[in-house]
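Okay, here's what each chain looks like letter by letter:
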Amino acid sequence: SPLLAQTIARTCTLMAGDVGVIYLLSEDGRTLEVAATHHDESPLGSTIATYVQEGPRLAVGESFSGRVVQSGEPIFIPRLGPNMWEGDMNAPRRALLEQLADHSLLAVPMRARGTVIGCISLLRITHGSFTQDERALLQRVANSAALAVQNSRAYTHIARAEAEIRELQRTVERQAVIYETMLRQ
């Protein structure tokens, strides 16, 4: 969605996030789908963003972002360590993330109307750790984005329902014409 792409790009710029990802919960509630990404110009940032976009879907509970969605609680790691993901993920993902030692991660749930629908994850490769104010700001951004996503989904649902009603009305009108024609014969 262009709105989510713009949201993550602006958030990364505002919060000096080198890589940002918005994940949305799949319809079946079992996996996370990448809705938008943004990354800086660094080779590592580009590699991470490409892996996230092209790699396998995350299961709820898998990796940091999956745990955020599962628990509904943010995860803040001021300084990632090389052994933080043992047993947590597949080998290619682990090899990529091991390059992130000494960098900072912040992942917050996207919550609207009491329901977690995804998460926003930011990684800082070059700008140090996230402050308490930045963590609070990212949570507000995530909640606003979640509300926008839910409103968009509701609008889409209503538009589909209206289209179905119009089609049903046309069908009833056609059947009425057929019925009236039959009565005249």
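Here's what I pulled together on the structure shown here.

**So, the sheet that holds strand β4 (residues 75-77)**
Taken in spatial order, the six strands make up an open sheet running β3-β2-β1-β6-β5-β4, and their pairing is antiparallel. Every interior strand has two partners, whereas the edge strands, β3 (58-59) and β4, have only one. Sheet analysis places strand β1 (residues 19-25) next to strand β6 (residues 115-124), joined by six bridges and oriented antiparallel. Bridge pairing in β6 places V21 opposite S121. Helix α3 (residues 63-71) contacts β1, β2 (31-39), β3, β4, β5 (104-112) and β6 of the sheet and is inclined by roughly 150 degrees relative to β6.

**Some remarks on unusual backbone geometry**
The phi angle of most residues is negative, glycine excepted, and most peptide bonds adopt the trans form. Phi is positive for S63, close to 65 degrees, though the residue is something other than glycine. With respect to the helices and strands, the residue S63 is situated in helix α3. Even without being glycine, R113 reaches a positive phi, approximately 55 degrees. With respect to the helices and strands, R113 occurs in the loop between β5 and β6.

**Here's the deal with the pairing of β6**
Among the ten residues of β6, nine are classified as buried, and the element is accordingly described as predominantly covered. When β5 meets β6, the two strands line up antiparallel, connected through nine bridges. Following the sheet pairing, L106 is matched in β6 by L122. Connecting β5 to the antiparallel partner β6 that follows it, the hairpin turn spans two residues, and R113 within it adopts a positive phi of roughly 55 degrees.

**So, the pairing of β5**
Of all nine residues making up β5, eight are buried, and the element is well covered by its neighbours. Relative to β5, β4 runs antiparallel, the two sharing three bridges. Each residue of the ladder has a partner; that of I77, found in β5, is L105.

About the thresholds
Residues numbered from 1 in each chain as written. Predicted model: local features only at pLDDT ≥ 70, side-chain atom pairs only at ≥ 80, totals over all residues. Heavy atoms only, no water. Pairing = 2+ DSSP bridges. Helix = DSSP H or I, 4+ residues; strand = E, 2+ residues; numbered from the N terminus. Contact = heavy atoms within 4.5 Å. Axes fitted to C-alpha atoms, helices over the stretch in contact; angles between N-to-C directions. Buried < 20%, exposed > 50% of the residue type's maximum accessible area, 1.4 Å probe, protein only.

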